[in-house]
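Analysis of the macromolecular model
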Amino acid sequence: MIREFRPALSLVIFFTIAMGFFLPAVFTEVAQALFPFQAGGSLIQQDGKVVGSAVIGQNFTGPTWFDTRPSALSGTDAKGASIGTPYDDSESGASNLAPSSAALLATVKTRVDAWHKAYGPGPVPADAATASGSGVDPDISLSNALVQAPAVAAARHLPPDSVTALVNRMAYHPGLGFIGTPNVNVLQLNLALAKMKATDTVSMK
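Read on for a plain summary of the structure.

What counts and how
- Residues numbered from 1 in each chain as written.
- Predicted model: local features only at pLDDT ≥ 70, side-chain atom pairs only at ≥ 80, totals over all residues.
- Heavy atoms only, no water.
- Helix = DSSP H or I, 4+ residues; strand = E, 2+ residues; numbered from the N terminus.
- Rg over C-alpha atoms; globule rule 2.2 N^0.38 Å.
- Buried < 20%, exposed > 50% of the residue type's maximum accessible area, 1.4 Å probe, protein only.
- Axes fitted to C-alpha atoms, helices over the stretch in contact; angles between N-to-C directions.
- Parallel < 35°, antiparallel > 145°, perpendicular 65-115°, else oblique.
- Contact = heavy atoms within 4.5 Å.
- Pairing = 2+ DSSP bridges.
- Lys, Arg positive; Asp, Glu negative; His and termini not counted.
- Salt bridge = Lys/Arg side-chain N within 4 Å of Asp/Glu carboxyl O.
- Expected span 1.5 Å × (residues − 1).
- Bend = angle between axes of the 7 residues up to and from the residue.
- Left-handed = near helix turned anticlockwise from the far one by under 90°.

**Thoughts on the overall build of the chain**
Helix and strand counts for the chain come out as seven helices and six strands. Tracing the chain from N to C terminus, the helices and strands come up as α-α-β-β-β-β-α-α-β-α-α-β-α. Taking 17 Å as the expected radius of gyration for a compact globule of 205 residues, we find that the chain reaches 23 Å, considerably beyond that expectation. Dimensions of the chain, computed from C-alpha atoms along their principal axes, come out at roughly 80 × 45 × 40 Å. The 205 residues of the chain split such that 30% are buried.

What follows is the structure in structure tokens.
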């Protein structure tokens, strides 16, 4: 019986070492060599300190910042009541409500009304009215950011054209010209915005 089990046991040990330790180590080293930023967690630093990750959104609030995409994450307070916990990086998820859900439709209407109140009449970008599947989306669409730009500029007493130019400069465009849609990383955009002064101008380069 030992003779029959020996080949199977040997294979289990071999593949455990090869697939569980050796290959992951090789892939990690290769990734760190070829894509150090991404392999290291896409960490964003400011003044030598890590302030976030380019792949995990943060919740910015107030008229002086570009708004992130709505987040449907929720938790409970000390009394057990459900409360919103937008961009809580300890979790990830969506509302899981169907398109026909009355609660979802009411939530979208509330977001649309809030958008019009903040940025005026006109079409509302889809990503400004709907939450992402993860709840921690780091990006917003370029069209979303461009609509926000004049209001953010006014709140910061900055030239609107300069803030709009900043948005366009920091936009990520579709890979190969057609893979994906133009978008902007909100954390990176707001960090760049914080460095602008009232006399600053930003080129379109």
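**Observations regarding the packing of helix H3 (residues 102-119) against helix H5 (residues 142-156)**
Where H3 contacts H5, the axes come no closer than 9 Å and their chain directions differ by 45°. When the interaxial angle is binned, H3 and H5 end up oblique. In this structure, H3 uses Trp-115, Ala-118 and Tyr-119 to contact H5, whose residues at the interface are Asn-144, Val-147, Gln-148 and Ala-151.

**Comments concerning the pairing of strand E2 (residues 49-53)**
Pairing geometry for strand E1 (residues 43-46) and E2, over four bridges, is antiparallel. Of the residues in E2, the one forming a bridge with Gln-45 is Val-50.

**Description of the side chain of Arg-111**
Mapped onto the secondary structure, Arg-111 falls in helix H3. Of the buried charged residues, Arg-111 lacks a salt bridge, with Asp-127 as the closest side chain of opposite charge at 11 Å. Beyond its immediate stretch of four places on either side in the chain, Arg-111 contacts Pro-70, Ser-71, Ala-128, Ala-129, Thr-130 and Ala-131.

**Re H5**
If you check H5, its first and last C-alpha atoms are 20 Å apart, about what 15 residues at 1.5 Å a residue would give, namely 21 Å. The sharpest bend along H5 comes to roughly 40°, located at Ala-149, with the proline Pro-150 sitting one to four residues further on. Those residues of H5 that sit buried are Leu-142, Asn-144, Ala-145, Gln-148, Ala-149, Val-152 and Ala-153. Taken together, the buried residues of H5 touch H3, helix H4 (126-129), strand E5 (139-141), helix H6 (160-170), strand E6 (183-185) and helix H7 (186-194). One or two residues past the end of H5 sits His-157, with phi positive at roughly 60°.

**What to know about the packing of H5 against H6**
The N-to-C vectors of H5 and H6 enclose an angle of 155°; their axes lie 8 Å apart at closest approach. The orientation of H5 relative to H6 falls into the category roughly antiparallel. Along this stretch, H5 crosses H6, giving a crossing that reads as right-handed. Contacts from Leu-142, Ala-145, Leu-146, Ala-149 and Ala-153 of H5 reach H6 at Pro-160, Val-163, Thr-164, Val-167 and Asn-168.

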